[in-house]
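So the chains spell out like this:
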Amino acid sequence: MWYISTRGMAPRVDFEGALFSGYAPDGGLFMPEELPQLGIETLRHWSTLSYPSLVKELCTLFIGPELIPRHVLNVLIDQAFCRFRHKEVVHLSRLRNGLNVLELWHGATYAFKDLSLCCTAQFLQYFLEKEKKHVTVVVGTSGDTGSAAIESVQGTKNMDIIVLLPQGHCTKIQELQMTTVVRENVHVFGVEGNSDELDEPIKAVFADVAFVKKHNLMSLNSINWSRVLVQMAHHFFAYFQCAPSLDTYPLPPVEVVVPTGAAGNLAAGCIARKMGLPIRLVVAVNRNDIIHRTVQWGDFSLSKAIEPTLASAMDIQVPYNMERIFWLLSGSDSQGTRALMEQFERTQSTSLPKELHSKLSGAVTSESVSDEAITQTMGRCWEENQYLLCPHSAVAVSYHYQQTNKQQPSLPRCCLAPASAAKFPEAVLAAGLAPETPADILALEFKETRCTPMRKGDDWTLMLRNTIEGLSWQQRPQS
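Residues numbered from 1 in each chain as written. Predicted model: local features only at pLDDT ≥ 70, side-chain atom pairs only at ≥ 80, totals over all residues. Heavy atoms only, no water.

Draft legend 1. Spatial organisation of the sheet that holds strand β4 (residues 100–103). With respect to topology, six strands assemble into an open sheet ordered β3-β4-β14-β9-β10-β13, the strand pairing being mixed. The two strands at the open ends of the sheet, each matched to only one other strand, are β3 (91–94) and β13 (364–368). Recorded for the sheet is a direction-independent mean angle of 25° between the axes of neighbouring strands. Sheet strands in contact with helix α11 (residues 264–274) are β9 (254–259), β10 (279–285), β13 and β14 (413–417), and its direction is about 170° off that of β10. Packing against the sheet, helix α12 (residues 290–297) makes contact with β10 and β13, and its axis sits at approximately 135° to β13. (Pairing = 2+ DSSP bridges. Helix = DSSP H or I, 4+ residues; strand = E, 2+ residues; numbered from the N terminus. Axes fitted to C-alpha atoms, helices over the stretch in contact; angles between N-to-C directions. Contact = heavy atoms within 4.5 Å.)

Draft legend 2. Local environment of the UniProt feature "modified residue: N6-(pyridoxal phosphate)lysine" (unreviewed entry) in the protein chain. Within the UniProt annotation, "modified residue: N6-(pyridoxal phosphate)lysine" (unreviewed entry) is assigned to Lys 113. As for its placement among the helices and strands, Lys 113 is situated in helix α5 (residues 113–131). When its relative accessible area of 11% is taken as the criterion, Lys 113 is described as buried. If we skip the residues at most four places from it in the chain, Lys 113 touches Asp 144, Thr 145, Ala 148 and Arg 227. (UniProt positions renumbered as here; feature names shortened; annotations may be inferred. Buried < 20%, exposed > 50% of the residue type's maximum accessible area, 1.4 Å probe, protein only.)

Draft legend 3. Quick peek at the packing of helix α13 (residues 322–329) against helix α14 (residues 334–347). Their axes nearest at 9 Å, the elements α13 and α14 cross at an angle of 145°. As α13 packs across α14, the resulting crossing turns out to be right-handed. Of the residues in α14, those touching α13 at Glu 323, Phe 326 and Trp 327 are Ser 334, Thr 337, Leu 340 and Met 341. Looking at the contact of α13 with α14 residue by residue, the class counts come to four nonpolar, two polar and one charged. (Left-handed = near helix turned anticlockwise from the far one by under 90°. Nonpolar A, V, L, I, M, F, W, Y, C, P; charged D, E, K, R; others polar.)

Draft legend 4. Structural context of helix α10 (residues 225–242). When the terminal C-alpha atoms of α10 are compared, their 27 Å separation across 18 residues agrees well with the 26 Å that a helix rising 1.5 Å per residue should span. The buried fraction of α10 amounts to 17 of the 18 residues, a majority that puts the element mostly inside the structure. The backbone nitrogen of Ser 226 lies 3.0 Å from a side-chain oxygen of the residue at the head of α10, namely Asn 224. (Expected span 1.5 Å × (residues − 1). Polar contact = N/O pair within 3.5 Å; in protein donor to acceptor, adjacent residues only side chain to side chain.)

Draft legend 5. Quick look at the pairing of β3. The sheet contact formed by β3 and β4 spans four bridges and is antiparallel. Across the sheet, the residue bridging to Arg 94 is Asn 100, located in β4. Counting the residues that bridge the hairpin from β3 to β4 gives five residues, and of these Asn 97 lies at a positive phi of roughly 60°.

Draft legend 6. Region of the structure containing the UniProt feature "domain: Threonine synthase N-terminal" (unreviewed entry) in the protein chain. According to UniProt, the "domain: Threonine synthase N-terminal" (unreviewed entry) feature falls on residues 3–81. Between the C-alpha atoms that bound residues 3–81 the distance is 26 Å, and the span itself is 49% helix and 8% strand.

Draft legend 7. Summary view of the domain arrangement of the protein chain. Taken domain by domain, the protein chain comprises domain 1 (91–107 + 226–431) and domain 2 (134–149 + 159–196 + 211–215 + 438–474). Here domain 1 and domain 2 have C-alpha centroids that lie 28 Å from each other. Counting the surface lost from both domain 1 and domain 2, the interface buries some 1000 Å², and carbon and sulfur atoms represent 49% of this. Counting every contact that joins domain 1 to domain 2 gives one salt bridge. Close ionic contact of Asp 144 with Lys 423 constitutes a salt bridge, the shortest N to O distance being 2.6 Å. The tally of links from domain 1 across to domain 2 stands at four residue pairs in polar contact (both at pLDDT 80 or more). Along the lines of polarity and charge, the residues of the side of domain 1 that touches domain 2 split into eight nonpolar, two polar and four charged. (Domains from an automatic or database assignment. Buried area = accessible area lost by both parts, 1.4 Å probe. Salt bridge = Lys/Arg side-chain N within 4 Å of Asp/Glu carboxyl O.)

As structure tokens, then:
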């Protein structure tokens, strides 16, 4: 299985190359050169599998046994999921009024990112040990990515991790999940800025190709192909859990509602659909609505500023993974994708070509949800089910309630729940509900913390470069 850049100007790479690269050298994102097509018999067979087994099947298709033999892959994925709190790893809660909530948050940090990052860290570790190499992982986070990335690599000898978090823009719990991991290979910076601003020094460092190569740098943000690959399993599992029967031909469709910021889960759904999974995708965003505007009107442009919302992990202006979706829906048109993305990078605003927009609005329905709708949804779900939703999950469930209020017949529907309400007590209180906080989260308050400030006026890029150089110096063989 080979991977090519969405912008068409970079040499193709295998899975290992895509895993360690993040962005392609031409600024594009890696996508499989060809997508395997899944027949009805394969889908029927897969419908009997557990979530971890689905991940194994998908990874086998997209990694290839010559890179990671199947028996090794099985061990790596079992290892990745061994610390999840739920025996199924991912669990479907069937609630009143046809509401299906797929809980993707049973990992160590109570967020869906644990699923893909635990697997990604296992794959990295496998290649690093095999090749006796060391990498420094640099991550910018709006909340959940940082803690899940730290959790997946803390204590490993072949990896150091540097995380930049936006001070005061994450919840207290999200911040503590990062700053309380006092391990030798974990380095956390608290940036006086939002998540888009802290991306700037990271981009500047990665733009220096010689520096990246010299210090073996990589990113684990949602652009990493390995994360999108594992996230495809959410869609397959959601479909198999919610489809009425797989005995009919053609197979019945299921609607999957995807709450998103950077569009990684949405890109995963679009790929699964292209492989033959009969899902209809709905993307649900908060008031930071660039994806909604793109689907509705073809308006792919930044708004003036990020609007802080209760669904803070989705307070993102640049949904990087839309580039993958544009490329996929345009029939792998790398020239068109490159022109579109370069225009966007230049002017922060572009309109989709008519044909691409009609393909996008045909493949995806969209909705933008206000804070008021989020708290109302959380309240209603509690009232009807005694079930607490996190604000991001409520963005998806809000769409479900809108549809059921119309009282029209609809497809079976599954709402992806990216995080546990336990991580967002502030939002639970805003909805007039009582937070339920697990003991391990309460314990964070009393742990030692470690975090280096990056203040306004500091040279953030220089601080980052100095930290990376210091880590490389420590890695040098001691004479």
